Amino acid sequence: DTLYLACDVNDPTPAVNRAEAAALWSGDCLEAYLSTKPERFDARGELRAGDYIVHIACTESTALPRIEVFDCSAGRQWNPKGATLALAAREDRTGYRFEAAIPWEAIESGWRPAPDGRALWDWSIGYSDPAGSTAAFKAFWTPETGGANWRTTASWDTAMFESFDRVIRRQE
C-alpha cells in the first residue's frame, strides 16, 4: 500500500533545504527514481509514461511542500496525498535521519507493486550549499551517467518487492 523510505545522512549542515517548491532537488533532498512499467526492463533509456521521481525535501521547515512526485514523461509534479515525513537533525548536528511514507496510489493511480514484483529503481541523496538553496553534490546508488539519472533510466537498477509479512517471518 505504501512506499517507505528511511535514511540516516551524514551532513555538516544537516537538513537544510530552502529551495523553491519547483526545485526541491537543489537543497538537501532524497530523490527516489521509479519506473512502474516492469515490461520495459530490456528497453532502458528514454523516460516514458510510468517513470517518476519522488523528491523528499530534507528540512525541518514546514514552509515547503516536503514531498513531491514528478512525472518524468508529462513534466507534471504534485504533492502526494497521504504522504508523511518525519525528520530530525542529530543532536550533535553531524547529520539527520528521516522516514517517509508515500501511498503507491498517490504516485500512480491504480498501480502498486505485486509481491515478488519488480520495478526499475534508483535513488540519490543531494547535499546543498550551506544556505540550502543550491545543489552542491549528489550521491547516487547506481553509477551516475554524467548527471543524467533524472533524464534516463539507463543506469537504474531492479527493485524487488516482497510482502511485509514475508519479510517479518524471515527475520524471526
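First things first, this report covers the structure right here in the doc. (Residues numbered from 1 in each chain as written. Predicted model: local features only at pLDDT ≥ 70, side-chain atom pairs only at ≥ 80, totals over all residues. Heavy atoms only, no water.)

### Examining the nonpolar core
Grouped burial of nonpolar side chains is what soluble globular proteins tend to show.
Here is step 1 of the chain: Counting 29 residues, the largest nonpolar core has Leu5, Leu30, Val54, Ile56, Phe98, Ile102 and Ile107 as the members making the most contacts within it.
Here is step 2 of the chain: Mapped onto this core, the elements with two or more residues apiece are strand S1 (2-10), strand S2 (29-35), strand S3 (51-57), strand S4 (67-71), strand S6 (84-89), strand S7 (95-103), helix H1 (104-107) and strand S8 (118-128).
Here is step 3 of the chain: If we skip the residues at most four places from it in the chain, Val54 touches Leu30, Glu31, Ala32, Ile67, Glu68, Val69, Ile102 and Ile107.
Here is step 4 of the chain: Of all hydrophobic cores here, the second largest spans 7 residues; its members include Leu47, Ile53, Phe140 and Trp156. (Core = buried A, V, L, I, M, F, W, Y, C linked by side-chain atoms within 4.5 Å. Buried < 20%, exposed > 50% of the residue type's maximum accessible area, 1.4 Å probe, protein only. Helix = DSSP H or I, 4+ residues; strand = E, 2+ residues; numbered from the N terminus. Contact = heavy atoms within 4.5 Å.)

### Looking at the sheet that holds S7
Here is step 1 of the chain: Ordered by their spatial adjacency, 3 strands build an open sheet running S1-S7-S6, and the pairing between neighbours is antiparallel. Of all strands in the sheet, those with a lone pairing partner are S1 and S6, marking the two edges. Looking at each pair of strands side by side, their axes are set apart by 5° on average, direction ignored.
Here is step 2 of the chain: Strand direction decides the pairing type here: S6 and S7, joined by 6 bridges, are antiparallel. If you follow Ala89 over to S7, its bridge partner there is Tyr96. (Pairing = 2+ DSSP bridges. Axes fitted to C-alpha atoms, helices over the stretch in contact; angles between N-to-C directions.)

### Some details on the state of the cysteines
Here is step 1 of the chain: Scanning the entire structure with this criterion turns up 0 disulfides.
Here is step 2 of the chain: Cysteine Cys29 is unpaired, with the sulfur of Cys58 as its nearest cysteine sulfur at 6.0 Å.
Here is step 3 of the chain: For Cys29, a relative accessible area of 1% gives the class buried.
Here is step 4 of the chain: When its relative accessible area of 0% is taken as the criterion, Cys58 is described as buried. (Disulfide = S-S within 2.5 Å.)

### Notes on the pairing of S6
Here is step 1 of the chain: Covered by surrounding structure in S6 are Leu85, Leu87 and Ala89 only, the residues Thr84, Ala86 and Ala88 on the alternate face being uncovered.
Here is step 2 of the chain: Here S6 folds back onto S7 in antiparallel fashion, the turn holding 5 residues, of which Arg93 has a positive phi close to 60°.

### Quick notes on the packing of aromatic side chains
Here is step 1 of the chain: Per the stated rule, a full pass over the model turns up 6 aromatic pairs.
Here is step 2 of the chain: Their ring planes at 80° and their centres at 6.3 Å tell us that Tyr52 and Trp78 sit as a pair that is edge-to-face. Of this pair, Tyr52 sits in strand S3 while Trp78 sits in strand S5 (residues 76-78), and the two are 26 residues apart along the sequence.
Here is step 3 of the chain: Plain terms: the ring middles of Trp104 and Phe161 are 5.7 Å apart, the flat faces sit at 85° to each other, and that makes the pair edge-to-face. (Phe/Tyr/Trp six-rings, centres within 6.5 Å; stacked < 30°, edge-to-face > 60°.)

### Things to note about the pattern of salt bridges
Here is step 1 of the chain: One pass over the structure, following the stated rule, counts 3 salt bridges.
Here is step 2 of the chain: Asp8 is the salt-bridge partner of Arg97, the closest N and O atoms lying 3.1 Å from each other. Linking Arg97 in strand S7 with Asp8 in strand S1, this pair joins segments that are 89 residues apart in sequence.
Here is step 3 of the chain: Since its relative accessible area comes to 47%, Arg97 is described here as partly exposed.
Here is step 4 of the chain: Look at Asp8 and you get partly exposed, because its relative accessible area is 45%.
Here is step 5 of the chain: Bridged by salt links that share partners, the residues Asp8, Arg90 and Arg97 form one connected network. (Salt bridge = Lys/Arg side-chain N within 4 Å of Asp/Glu carboxyl O.)

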